[in-house]
Amino acid sequence: MARCYTDCIERPFRLGFEIMGAFVGVHLWWFLITPLVFSAGLGSGFYFLPAQMSNNIEDQFTPVDGQAKVERQYIQETFPVNTSMFSSLRLSTSGCYATLIASTDWNILAEELLQEILDLDFKIRSMLVEFNQSTFSYEDVCARVAGSCFSNDILEIIEQQAGNITTLDLTYPWFKNTPLHLNLGGVHANNSVVQRAEAMQLRYYLTEAVKQKAELWLEGFIHLVSNQSALNIEVSYSTSASMQWEFEKTPTSVISLFSITYVIVISFSILSSWRQDNVRTKVWVACCGVLSTGLAVLSGFGALLLLGQPFVIPVASCPFMILGVGLDDMFIMVSCWQRTRVLASVPDRLAHTYRDSAVSISVTTLTNALALYLGCSSSFRSVRSFCLYAGVSVCFCYLYCLTFLGACLALNGQREAQNMHWFTCARIPEDAANTDSKTFNVCCIGGSYNRITETEESECVSRFFERFYGPFLTHKFTKAAVIAVYSLYLAVSIYGCVTLKEGLDVKHLALDDSYLIDYYRNQKQYFFEYSYNVMVAVKQPVSYWDEIERNNTLSCLSKFESLDYVNSTFGWFFAFQSYIDVTNISKEDFQSNLIQFLDYNSQFHQDLKWSEGGTIQSSRFFIQLQNRATTKDMMIGLRKTAEECSTDLLVYHPAFIYFDQYTVIVHNTVQTVLVAVFVMLTVSLILIPSPVCSLWVAFAVCSVIIGVTGLMSLWGVNLDSISMINLIMCVGFSVDFSAHISYSFISSPKRDVNAKAMDALAHLGYPILQGALSTVLGVVVLSTSGSYIFRTFFKIVFLVITCGTLHGLVFIPVFLTLLGAWR
């Protein structure tokens, strides 16, 4: 029953590939030239690459349907920004700004150090920037409050005079209704009176009315501060555009690595394909295998660029992955070619090569491609783009493997059939004459083969797998040791999964040598205690003059203060309470007093939305957070508190746009991976002629995913949109080695399970090892990258290949012999 179910699909596939192999062998020039011309045509799509670059951080690395984006839209529509009364507290986005942190090991409030800060502040404000053959300064582009430029509270408190600091007793975190914690960090206080502070942060907000002028001023700010030498203070700096600008530098950091990678991989492919026999060596096939993967990337990327698909920076790591996939397939095909009859015609040899390898390659390609295409349903645009580009490139890699690479193998076979030297293409003798020199024997003879089996002589590594490794692995004591090692592997992996952290820290998008690294380090060191000022919007009309309605709303707000990480709640109503007693007051008196109050406190106008009837339709308050929980727990806790309130509330902060990844990343990853595993199992059941063997492949995939997830956690990699890309890819990669060895196991004519395992290892042990090493070498240069994105790619691919190789060459062969697999 099981055999009928699977062989009915697998057998026609093998026959079809056998016919295809013979056809390619006969018409090899067509299959050599056509892919070259086709890929050159599609490669023209790279002309549109600059136009298709899409590297907006928010757009690519936050959930498309994130809750915070809906909340932001409500805030923007309900409480529009008043450009004449700027308030950073009320911004629905991060705004347009420049900022610096001046720090010292001493006391930043010392008069001498304050004077240095004031001098730097003066230079920044008076800096002239060129625009359209004229100049402008901060005064011309600053965000304004009642006609004056936004200024830093701490400098206003000392009235721009360093000496005034000695006459003040600053209280922390608030000084006369001024949030001093926004300006001072590393504060040492006694009874709330500041004794000393280690850091001071200054901000310079700009109007976005003329975006080009604002960006030019930000560039001038970076240039000025980066070249400013301070005697006694350390200055770190950033702007609202810095992360985007630094992120866009990422591709240039890996351009040089591409050439290094291809040199390394070509060298490895040649060395691993080299034979002492000058006829049977597969040097040119190895070079063509690398070329074939290059054509696949050229065609896949070019086709999507022609179709107008966005290109994001993580996609730049895709060629490294495709290189490993293509070479793995090449090594499998070469191994199958070597087992064909040397005396058979080239079309017959290629037909047998396709028959023995194409199904195995098809399984791995289908699972790779389908896993990647499933990733296109992700909530992150960066994941969608990567998976689309990688999936299409994998399909082209498969196409060119069966056409271009097959034709190259046939052309090399024609040379072998005529006993021609691999380099000179001159006919050479198969056996050396006794009179010939040793140099002649090494360089000018070749073409020998096994006269009994009429197949090529196997390499020394293949003989090692056949004669030593296979018998060693199938020994009963070795099997016991393998089970113990696997148990340890599983235990460590599960521990890593339990301790896995979530979320992409935005600072990781900058290169390691970016000036932003110092800024984020100082921000965390000196300004960690107090976190965000979060908006709390009351979305329904509230009659604040009515005691019952007012108390219901205020009781909801007080629930936020019961949270450990909420420091205080403040807003227009609390200030209004100080202005007038609202315990028993009529609607008319309330409104008239409120209008009078707002005339004196005009910034609160932005926190109220009035209906046409003169009632308060919506209102807004603020809560100050402290860093006493993770950002994920704080955001979820605030939202849950708002949902449980009888009043319709909404909580929002611009940073929530990025924190939304915490709410979807685990669910999104698990769902995609599970679906991919199910699809992989379905493909295996159809194409591998043994249901039990297919289940073992599925087991190997799940085991590898658990191992990679756990080990990446122990290696310091979080679960974020970058690692999610790689985990989706992990499903496809982890199939490769286990599927190859399982398919060879059940295809073996041997009857004993140990003999079948040894036969599978003898045939595919070396190609699997070659594929693993070539993939690791293809990404190893990324470990030296200054980009978190590419280092993460290296780490996870390394873990996938390592775990996949362990399963393919150690765990699965042993498990197959223990529990069996049959046709």
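This write-up is about the structure you can find in this document. Bear in mind that the values here come from a model prediction, so they are computed numbers and not experimental data. Numbers given for residues are sequential positions, taken from 1 along each chain in its written order. Only residues with pLDDT of at least 70 are given local features in this predicted model, and only at 80 or more are side-chain atom pairs given and counted; all residues enter the totals for whole chains, interfaces and linings. Values shown for side chains rest on all heavy atoms present in the structure; no hydrogens or waters enter the calculation.

**Examining the side chain of S713**
1) Next: Note on conventions: DSSP H or I runs of at least 4 residues are helices, E runs of at least 2 residues are strands, and numbering of each starts at the N terminus. Of note, S713 is situated in helix α26 (residues 691-714).
2) Next: There is a polar contact of 3.5 Å between the side chain of S713 and the side chain of T499.
3) Next: Separated by 3.5 Å, the side chain of S713 and the backbone nitrogen of L500 make a polar contact. N or O atoms closer than or at 3.5 Å make up a polar contact, with two conditions inside protein: a donor-capable atom paired with an acceptor-capable one, and, for residues adjacent in sequence, both atoms drawn from side chains.

**Focus on the packing of aromatic side chains**
1) Next: Centre distance within 6.5 Å is the pairing criterion for rings of Phe, Tyr and Trp, where only the six-membered ring of Trp is used; planes under 30 degrees apart are then read as stacked, over 60 as edge-to-face, and the remainder as tilted. Tallying each qualifying case throughout the model produces 61 aromatic pairs.
2) Next: The interplanar angle of 15° and the centroid separation of 4.8 Å between the aromatic rings of Y237 and Y515 together place this pair among those described as stacked. Taken as a pair, Y237 in strand β10 (residues 234-239) and Y515 in helix α19 (residues 515-526) lie far apart in primary sequence, 278 residues in all.
3) Next: Taken together, a centroid distance of 5.3 Å and an interplanar angle of 90° make the contact between W696 and F699 edge-to-face. Here F699 and W696 lie together in helix α26, a separation of 3 residues that amounts to about one turn.
4) Next: Here the term buried applies to any residue with accessible area under 20% of the maximum for its type, exposed to any over 50%, and partly exposed to those in between, with areas from a 1.4 Å probe on protein chains only. On the basis of relative accessible area, W696 is assigned to the buried category, the value being 12%.
5) Next: Put simply, the rings of Y486, Y489, W696, F699, F811 and F815 pair up and form one aromatic cluster.
6) Next: The ring of F745 has K756 sitting right over it, with the charged end atom 5.4 Å from the ring centre. Our definition puts a charge over a ring when NZ of Lys or CZ of Arg is within 6 Å of the ring centre and also within 35 degrees of the ring normal.

**Topic: the side chain of S103**
1) Next: Mapped onto the elements, S103 comes out in strand β1 (residues 97-103).
2) Next: For S103, a relative accessible area of 3% translates into the label buried.
3) Next: By the convention used here, residues are in contact when the closest approach between their heavy atoms is within 4.5 Å. Leaving out residues up to four positions away in the same chain, S103 has contacts with I108, E198, A199, I233, E234, N522 and Y526.

**Details of unusual backbone geometry**
1) Next: With an omega dihedral of 10°, the bond running from Y172 to P173 counts as a cis peptide bond.
2) Next: Tracing the sequence through the fold places P173 in the loop between α8 (153-157) and β6 (174-175).
3) Next: Its identity is not glycine, yet N177 carries a phi of approximately 65°, on the positive side.
4) Next: Topologically, N177 is positioned in the loop between β6 and β7 (178-179).
5) Next: The class for N177 is exposed, based on a relative accessible area of 74%.
6) Next: A positive phi angle is found at N419, which is not glycine, with a value near 55°.
7) Next: Here N419 is to be found in the loop between α15 (381-417) and α16 (438-443).

**Details of the packing of helix α13 (residues 318-338) against α15**
1) Next: Interaxial distance between α13 and α15 falls to 9 Å at its minimum, and their mutual angle equals 35°. In the packing of α13 onto α15, the handedness of the crossing is right-handed. Contact with α13, carried on its side by C318, M321, I322, V325, G326, D329, M330, M333, V334 and W337, involves F386, Y389, A390, S393, V394, C397, C401, L405, G406, L409, G413 and E416 of α15 and no other residues of that element. Axes here refer to lines fitted to C-alpha atoms; in helices the fit is confined to the stretch in contact. Angles between the N-to-C directions go from 0 to 180 degrees. Crossing chirality is assigned from the near helix's rotation relative to the far helix, an anticlockwise turn below a right angle marking it left-handed and a clockwise turn marking it right-handed.

**Overview of the environment of L206**
1) Next: Note that L206 resides in the loop between β9 (193-205) and α9 (211-226).
2) Next: What makes L206 buried here is its relative accessible area of 4%.
3) Next: Between the C-alpha atoms of L206 and V141, which are 65 residues apart in sequence, the distance is 5.6 Å.
4) Next: When neighbours within four sequence positions are excluded, L206 is seen to be in contact with C96, Y138, V141, C142, A143, A214, W217 and L218.

**Considering the pattern of salt bridges**
1) Next: Each reported salt bridge corresponds to a side-chain nitrogen of Lys or Arg within 4 Å of a carboxyl oxygen of Asp or Glu. For the structure shown, the criterion picks out 22 salt bridges.
2) Next: Taking the shortest distance from any N to any O, the salt bridge between D356 and R355 comes out at 3.3 Å.
3) Next: Residue D356 is classed as partly exposed on the basis of its relative accessible area of 23%.
4) Next: Note that D607 is salt-bridged to R620, the shortest N-O span being 3.0 Å. Taken as a pair, D607 in the loop between α22 (587-600) and β13 (608-610) and R620 in strand β14 (residues 616-626) lie far apart in primary sequence, 13 residues in all. You'll find D607 and R620 in the same group, each marked buried.
5) Next: When salt bridges with common partners are traced through the structure, they connect R280, K282, R349, E416 and E456 into a single cluster.

**Structural notes on the nonpolar core**
1) Next: In this description, a nonpolar core means a group of buried Ala, Val, Leu, Ile, Met, Phe, Trp, Tyr and Cys residues linked to one another through side-chain atoms lying within 4.5 Å. L170, W217, F221 and M321 are the most contacted members of the largest nonpolar core, which totals 205 residues.
2) Next: Per-element tally for this core: the top contributor is α15, with 19 residues.
3) Next: Apart from the residues lying within four places of it in its own chain, the contact partners of M321 are L372, A390, V394, M729, F733 and F793.
4) Next: Counting 49 residues, the second-largest nonpolar core is a separate cluster that includes A68, L608, I623 and C645.

**A word on the environment of S742**
1) Next: Its place among the elements puts S742 in helix α27 (residues 721-747).
2) Next: A relative accessible area of 0% places S742 in the buried class.
3) Next: Counting along the chain gives 49 residues from S742 to C693, while the straight-line C-alpha distance between them is 6.3 Å.
4) Next: Aside from chain neighbours lying at most four places away, what touches S742 is C693, V697, I812 and L816.

**What about the sheet that holds β1?**
1) Next: What makes two strands pair is DSSP finding at least two bridges between them. Here we have 4 strands laid out as an open sheet, ordered β8-β9-β1-β10, and antiparallel in their pairing. In the strand order of this sheet, the two ends are held by β8 (184-190) and β10, each with one partner. In this sheet, adjacent strand axes meet at a mean angle of 20° when their direction is disregarded.
2) Next: The sheet contact formed by β1 and β9 spans 7 bridges and is antiparallel. Residue L100 lies in a different strand from β9, and its bridge partner there is L202.
3) Next: Packed on one face of the sheet, helix α6 (residues 111-126) meets β1, β9 and β10 and runs near 5° to β9.

**Quick word on the pairing of β14**
1) Next: By the criterion of burial, β14 is predominantly enclosed, with 10 of the 11 residues buried.
2) Next: As paired strands, strand β11 (residues 530-538) and β14 are joined by 7 bridges and run antiparallel to one another. Bridge pairing in β14 links V538 to S619.
3) Next: Relative to β14, β13 is paired through 3 bridges, and the arrangement is antiparallel. In the strand pairing of β14, K609 is matched with S618.
4) Next: If you look at the hairpin formed by β13 and β14, you'll find 5 residues sitting between the two strands, and G614 has a positive phi there, around 90°.

Keep in mind these numbers describe shape, not what the thing actually does.
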